[in-house]
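# Architecture and fold: a report
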Amino acid sequence: MSPIEAAATLFGLINVTLVVRRSMWNYPFALAMVSLYAWIFFHQKLYSDALLQLFYIAVNLYGWWNWTRSRARTGEVRVEQLGYAARLGWLAGCVAASAVWGAVMHRYTDAAFPWWDGSIAMFSIAAQILQSRRKWESWVLWILVDLAAVPLFALKGLWLTAGLYVVFLALSVWGLIHWTKAKA
């Protein structure tokens, strides 16, 4: 457990709490968190998660831009929902991307858990894109990611991060409930 992991954990808690509340103030905390986690995961040889953090920087900047332009008259960020076909498409894409990325990490790196880590990364990418687009389904994917990430981070001895993902799981359930009530 390092001070960098502690700071990333704190920023993560603040970030996800603000996302659940549909507050745009989540984005500065998100950018700080993912920058720190990029460093942490790289040094733990969780390369998929390290690269994922770089992706998060870009998608969080996009999300910040998108959310500022997507407010309801009340000032809250609007929540939308995918259609059935789009949901199936996103799920199939996640599964296919996980298989391909896991194979790449297995073949070309010394990644600690290439398939597991790769699947978490691919589902996280989809969840983050959907969240940036204000889609309710993002929370379903975040719940799956959190359920997979907790044991992985525990196996790597990243106890604060594993604990953070337990809290993320609870926040994701809260987000799912809160955003369900706010769906357009």
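Since we're looking at a predicted model, the values are computed, not measured. (Residues numbered from 1 in each chain as written. Predicted model: local features only at pLDDT ≥ 70, side-chain atom pairs only at ≥ 80, totals over all residues. Heavy atoms only, no water.)

Further remarks concern the overall build of the chain. Along the backbone of the chain there are seven helices and zero strands. Listing the helices and strands of the chain from first to last along the sequence gives α-α-α-α-α-α-α. Along the longest, intermediate and shortest principal axes, the C-alpha atoms of the chain span 50 × 40 × 25 Å. Nonlocal contacts in the chain, meaning residues at least 24 apart in sequence, comprise 72% of its contacts between residues at least 6 apart. Counting only carbon and sulfur atoms, one obtains 71% of the accessible surface of the chain, whose full area is about 8900 Å². Of the side chains in the chain, 15 bear a positive and 8 a negative charge, and the two mean positions are spaced by 11 Å. (Helix = DSSP H or I, 4+ residues; strand = E, 2+ residues; numbered from the N terminus. Contact = heavy atoms within 4.5 Å. Areas by Shrake-Rupley, 256 points an atom, 1.4 Å probe, with all protein chains shown as cover. Lys, Arg positive; Asp, Glu negative; His and termini not counted. Charge placed at Lys NZ, Arg CZ, Asp CG, Glu CD.)

Counting residues in each nonpolar core, the largest one holds 45 residues, and the members touching the most others are Phe41, Trp139 and Phe153. Residues within four places of Phe41 in sequence aside, it is in contact with Leu46, Asp49, Ala50, Gln53, Phe153, Leu158 and Thr161. (Core = buried A, V, L, I, M, F, W, Y, C linked by side-chain atoms within 4.5 Å. Buried < 20%, exposed > 50% of the residue type's maximum accessible area, 1.4 Å probe, protein only.)

Turning our eyes to something else, we now look at the packing of helix α5 (residues 114-132) against helix α6 (residues 138-155). Where α5 contacts α6, the axes come no closer than 9 Å and their chain directions differ by 150°. As summarised for this structure, α5 and α6 are arranged roughly antiparallel, according to the angle between their axes. Taken as a pair, α5 and α6 cross one another with a handedness that is left-handed. Between α5 and α6, the contacting residues are Trp116, Asp117, Ile120, Phe123, Ser124, Ala126, Ala127, Gln128, Leu130 and Gln131 on the first element and Ser138, Trp139, Leu141, Trp142, Leu144, Val145, Ala148, Ala149, Pro151, Leu152 and Leu155 on the second. A per-class count over the contact of α5 with α6 returns 16 nonpolar, four polar and one charged. (Axes fitted to C-alpha atoms, helices over the stretch in contact; angles between N-to-C directions. Parallel < 35°, antiparallel > 145°, perpendicular 65-115°, else oblique. Left-handed = near helix turned anticlockwise from the far one by under 90°. Nonpolar A, V, L, I, M, F, W, Y, C, P; charged D, E, K, R; others polar.)

A word on the pattern of salt bridges. Enumeration according to the criterion identifies four salt bridges in this entry. Taking the shortest distance from any N to any O, the salt bridge between Glu80 and Lys135 comes out at 3.0 Å. Here the residue Glu80 occupies a position in the loop between α3 (47-68) and α4 (84-108), and Lys135 occupies one in the loop between α5 and α6, the gap between them amounting to 55 residues. Glu137 serves as the salt-bridge partner of Arg87, at 2.9 Å between the closest nitrogen and oxygen. Taken as a pair, Arg87 in helix α4 and Glu137 in the loop between α5 and α6 lie far apart in primary sequence, 50 residues in all. Salt bridges linked by common partners bring Glu80, Arg134 and Lys135 together as one network. (Salt bridge = Lys/Arg side-chain N within 4 Å of Asp/Glu carboxyl O.)

As for its placement among the helices and strands, Asp49 is situated in helix α3. For Asp49, which is buried and forms no salt bridge, the nearest opposite charge comes from Lys156, at a distance of 10 Å. Look past the residues within four positions of Asp49 in its chain and what remains in contact with it is Phe41, Asp117, Ile120, Leu152 and Phe153.

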